Amino acid sequence: MHRLAQKAFAPLLGTLALGGCATNQVPESALRLEESTLEVRSIQTRKMEAPSEIAILTATIAVLQDMEFNVDRIEKSLGVISASKVSDADDSGDNAKLIFLDLLCAAGGQPGSCNYSSQARDEQHIVLTMVVLPSLERSGEFSVRVTMQRAILDTMDRILVLERIEAPEVYQEVFDNLRQALFLEVSES
Amino acid sequence: MMLRIAVILALISMAGCATTTPVDVSGSKSQLESRQIQTRQYDTLDKALTMRSVIATLQDLGFTIDQADSELGTISATRYHQYTMRMTVTVVQRGEERVSVRANARIGEKAVTDAATYQDFFVVLDKAMFLTLQGVD
């Protein structure tokens, strides 16, 4: 074997030898609260008045339908509603960059190995939990907390991004919709 | 020479990995050992309020709830954050005034088996239980 190839392969094989069957360590802070917890909780939580638990739960489900979510599960006595949706995650700017990379790569003389555009964002899976419970502080008041996360997949169904959704405006929009739905629910009944 | 040693080491390490995938049903720790590190007993709140605290804890930790069953006291949750973490927490009434809370977690295809991570979870739950006890949402 060529000396250069030997030099290149030896560390690789050595790493493989050491890596062997190593197990992944649990991240140290996996179940510790982050410093931003209180802030995130306040972004995700609102107090709302409603005539009954059924009224606010009905309004919540209607809002999820308005936002084109599928309701996966409901546990009424715990006020837990789990919902999800799969939607488009296309980013035209990102796609243009990846196509450009493919072109550059092909121009470099290896057209068979150029497949950057398969890494384009294709779809996002959003999961959402709404917990609607009678407030512990005041009767007639309900505490509503929403948490959302998403996974973004590429065209080959590989996960590109796993993240909590933390943007305050996203949560605010949900609560605005819920207030409106609650108003409609009350005025219609 | 160096290359030969590296090749031998790599082959040995690969031989160490099983060539057939064993069926992992029983888990990696003994039943008793797992239960001990994953369980805490509480005598402060009833089952319903304990479940409420567990849900708040999971939400604080960034999980979304996949499903919850108040009768069986089971809550399953998932967190997407760099990696996928799944938890199942069960709340069981033990006698008149005690509830036991058991949590188990997996990150990707690995079970979380270290006591410290479960301890972290129960520290957060303790705080949530305290807030619920004080009547704070």
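Here, every reference points to the structure presented above.
All values derive from a computational prediction rather than experimental measurement.

Peer 1: Could you clarify how one ought to interpret the overall build of chain B in this entry?
Peer 2: Scanning chain B from N- to C-terminus turns up four helices and six strands. Going from N to C terminus, chain B has its helices and strands arranged as α-α-β-α-β-β-β-β-β-α. The buried share of chain B, taken over its 137 residues, is 31%. Looking at chain B alone, contacts between residues at least 24 apart form 50% of all its contacts between residues at least 6 apart.

Peer 1: Quick question: what am I supposed to make of helix α4 (residues 115-133) of chain B here?
Peer 2: Three or four residues apart is the spacing at which side chains of an α-helix point the same way, because the helix has 3.6 residues per turn. All names here are of chain B. The terminal C-alpha atoms of α4 lie 26 Å apart, and with 19 residues this matches the ideal 27 Å at 1.5 Å per residue to within 8%. Turning to α4, its buried residues number three or more, namely T117, Y118, F121, L125, A128 and M129. Angular distribution of buried residues about the axis of α4 spans 115°; they occupy a single face of the element. Away from the buried face of α4 by more than 90 degrees, exposed residues A115, A116 and Q119 are located. Elements in contact with the buried residues of α4: α2 (31-38), β1 (39-42), α3 (47-60) and β5 (98-107). Looking one or two residues beyond α4, the residue adopting positive phi is G135, at roughly 75°.

Peer 1: For this particular structure, what's the right way to read unusual backbone geometry?
Peer 2: The bulk of non-glycine residues show a negative phi, and the bulk of peptide bonds are trans. All names here are of chain A. A positive phi is found at E68, a non-glycine position, where the angle reads about 65°. Among the structural elements, E68 can be located in the loop between α3 (53-66) and β2 (70-75). For D157, which is not glycine, the phi dihedral falls at a positive 65°. Looking at the element boundaries, D157 is found in the loop between β5 (141-154) and β6 (159-164).

Peer 1: Just to check I follow, could you spell out the packing of α3(A) against helix α5 (residues 168-188) of chain A for this structure?
Peer 2: Between two packed helices, the angle of one axis relative to the other and the distance separating the axes together describe the packing. All names here are of chain A. For the pair α3 and α5, interaxial distance at closest approach is 9 Å and the crossing angle is 125°. As the angle between them shows, α3 and α5 are arranged oblique. Judged by the sense of rotation from one axis to the other, the crossing of α3 with α5 is right-handed. Between α3 and α5, the contacting residues are A55, I56, T58, A59, T60, A62, V63 and D66 on the first element and N177, L178, A181, L182, E185 and V186 on the second.

Peer 1: Is there a simple way to explain the packing of α3(B) against α4(B) in this structure?
Peer 2: Residues and elements named next belong to chain B. The N-to-C vectors of α3 and α4 enclose an angle of 125°; their axes lie 9 Å apart at closest approach. Here α3 lies oblique to α4, going by the angle between them. α3 and α4 meet at a crossing whose hand is right-handed. Counting all contacts with α3, which are made through L49, T50, R52, S53, V54, A56, T57 and D60, the residues of α4 involved are V124, L125, A128, M129 and T132. Among the residues making up the contact of α3 with α4, the classes are represented as seven nonpolar, four polar and two charged.

Peer 1: Please clarify how the nonpolar core should be interpreted in this entry.
Peer 2: Nonpolar side chains tend to gather and get buried jointly when the protein is soluble and globular. If you look at the biggest cluster of nonpolar residues, it comprises 52 residues, and the most contacted ones within it are B:V54, B:I55, B:L58, B:I65, B:I75, B:M87 and B:V101. Not counting chain neighbours up to four residues away, the residues in contact with B:I75 comprise B:M51, B:V54, B:I55, B:L58, B:I65, B:A68 and B:V89.

Peer 1: What should I look at first to understand the environment of B:I55 in this one?
Peer 2: Here B:I55 lies in helix α3. A tally of 25 C-beta atoms within 10 Å means that B:I55 is categorised as buried. Beyond its immediate chain neighbours, meaning those up to four positions away, B:I55 contacts A:L78, A:V80, A:V131, B:I65, B:A68 and B:I75.

Reading guide: rules and limits
Residues numbered from 1 in each chain as written. Chains lettered and ligands numbered in written order. Predicted model: local features only at pLDDT ≥ 70, side-chain atom pairs only at ≥ 80, totals over all residues. Helix = DSSP H or I, 4+ residues; strand = E, 2+ residues; numbered from the N terminus. Buried ≥ 20, exposed ≤ 12 C-beta atoms within 10 Å, placed from the backbone. Contact = placed C-beta atoms within 7 Å. Expected span 1.5 Å × (residues − 1). Arc of directions from axis to C-beta. Axes fitted to C-alpha atoms, helices over the stretch in contact; angles between N-to-C directions. Parallel < 35°, antiparallel > 145°, perpendicular 65-115°, else oblique. Left-handed = near helix turned anticlockwise from the far one by under 90°. Nonpolar A, V, L, I, M, F, W, Y, C, P; charged D, E, K, R; others polar. Core = buried A, V, L, I, M, F, W, Y, C linked by C-beta atoms within 7 Å.

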